[in-house]
Amino acid sequence: MTTTPLPPVWSTQRQPTRRGVLWLGLRCDVRCKFCYDELVSSREKAWMPVGEATAALDKFRHFYGNEFVDFMGGEPTLHPQALDIVAHAARIGLRPTVITHGMHLAALDRARAYVEAGIHDFLVSIHGIGDTVAEIHGRGRDNFARQMAALDNLNTLGVPFRFNVTMIRDNLTELEAIADLAGEKGARVVNFLTFNPYFEWTAQPEIEFQARHSDIAPYLARAIDRCTAHGVEANVRYMPPCQLPGREAHVYTGYQLPYDPHEWDYNSWYDAGHEGPPSPQWYGEASQRQQQRHHYVHVPACGGCALQPVCDGFQAQYVARWGGDEAVPYAGPPITDPTHFIQGQRKLSYQQADPAGDGTAEPAAAKTHVGTHLPVGDDGRAGVKRVRATAP
Ligand code: SF4
């Protein structure tokens, strides 16, 4: 089946996201230097079986009321039944996005197969320009050229795409060029992500490629402005808003993420068990849990900051390495609305995406599905299901 494209609309209305996320497995054919998964044993990188994936998708759609889903990896396009899983999502009214390095979409037939399966859009990781991509990937040949061929194929097929870029020392001087590339190729959105020292990185005090916020900010500010000039939505993830004065409307910490339609619903992400869309208060409490789960802390200067109730602060490893001198508190009474700044951003949204679930009745069985992810634990990879390979 193909999916009728949803007309995009630009909006300043901030509603809780209706997007779920499903990790299909952690296998990948490149080895990005900042990847979380490199230290995960290969025994735990099996692909999620199709039956398990479709059960999770049914629960996202019919229990949590999600309308979109992101497929994560590893590299999801390597899943041997990725197309079947994408097709199931599309069939039940859960518009599918694949998060990918994109290189396998350089084959036009493979890209077209996703169109036939009902893909909504792709989120393509573009971490640099030219040779920088292969250097960051650590594996592969003609990486950047294949990514460009993939984007051209998606344009040929009329499939929308967005960019993710993880900002590290290696690519800071290329952020503006990535913004220009987004404009040239027609990406709708660019997400600029700080490197997050989560999971296996948490205990490493010196990470060679990690960049300070104050080193990133000048390049990033110009890249945001270039995106805006090109009509491309620019988002910054996990950087305290005070690091980008004048551009706070683009900045999303864990408190703002639930109000980005392209981000993940904490409810289905963690299989939290709230049937249907939760309230803003629920999302506020979920944001606090996320802040604690990923070890964000407020530094002394945050104590006098109006934004503290809705800002993550800095990650603990970051503070241990560099301290908190970069914090610049906002004056005034406490701000408790997480959308305080981001409601000033014109943002890509979609016409209501069929909240009733393409006319089908809710299957009773959907409510009895077991959890879709591992339980949340401090030492665990919360929200990511490691799939163990079965013994031969
Ligand atoms: S709470 Fe701290 S990190 Fe967040 S904006 Fe305020 S000063 Fe910056």
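Refer to the preceding data block for the structure.
The paragraphs below set out a description of the structure included in this document. (Residues numbered from 1 in each chain as written. Predicted model: local features only at pLDDT ≥ 70, side-chain atom pairs only at ≥ 80, totals over all residues. Heavy atoms only, no water.)

### So, the packing of aromatic side chains
What characterises a pair of aromatic rings is the spacing of the ring centres plus the angle enclosed by the ring planes.
Phase 1 of the analysis: Scanning the entire structure with this criterion turns up 12 aromatic pairs.
Phase 2 of the analysis: Here the aromatic rings of Tyr114 and Phe122 are separated by 5.5 Å at their centres, their planes lie at 75°, and the arrangement is edge-to-face. Each member of the pair, Tyr114 as well as Phe122, carries the same accessibility label: buried.
Phase 3 of the analysis: Between Phe161 and Phe163 the ring centres are 6.2 Å apart and the planes differ by 20°, which places this aromatic pair in the stacked class. Taken as a pair, Phe161 and Phe163 share a single burial class, namely buried.
Phase 4 of the analysis: Its end group placed over the ring of Tyr252, Arg237 keeps NZ or CZ at 5.6 Å from the ring centre.
Phase 5 of the analysis: Above the face of the Trp282 ring, Arg289 is positioned so that its terminal group lies 5.6 Å from the ring centre. (Phe/Tyr/Trp six-rings, centres within 6.5 Å; stacked < 30°, edge-to-face > 60°. Buried < 20%, exposed > 50% of the residue type's maximum accessible area, 1.4 Å probe, protein only. Lys NZ or Arg CZ within 6 Å of the ring centre and 35° of its normal.)

### Quick look at the site of the ligand
Phase 1 of the analysis: Residues in contact with the ligand amount to 13 residues; listed here are only the nearest, Pro240, Cys242, Cys302, Cys305 and Cys311.
Phase 2 of the analysis: When the residues that make up the shell around the ligand are grouped by side-chain class, the tally is 10 nonpolar, three polar and no charged. (Near = heavy atom within 4 Å. Nonpolar A, V, L, I, M, F, W, Y, C, P; charged D, E, K, R; others polar.)

### With respect to unusual backbone geometry
Phase 1 of the analysis: Put simply, Gly73 and Gly74 share a cis peptide bond, and its omega is 5°.
Phase 2 of the analysis: On the secondary structure map, Gly74 appears in the loop between strand E3 (68–72) and helix H2 (82–91).
Phase 3 of the analysis: Although it is not a glycine, Asp142 adopts a positive phi angle of roughly 55°.
Phase 4 of the analysis: When you line up the elements, Asp142 lands in the loop between helix H4 (131–137) and helix H5 (143–157).
Phase 5 of the analysis: With relative accessibility at 56%, the residue Asp142 sits in the exposed group.
Phase 6 of the analysis: Although it is not a glycine, Tyr238 adopts a positive phi angle of roughly 70°.
Phase 7 of the analysis: With respect to the helices and strands, Tyr238 occurs in the loop between strand E8 (233–237) and strand E9 (251–252). (Helix = DSSP H or I, 4+ residues; strand = E, 2+ residues; numbered from the N terminus.)

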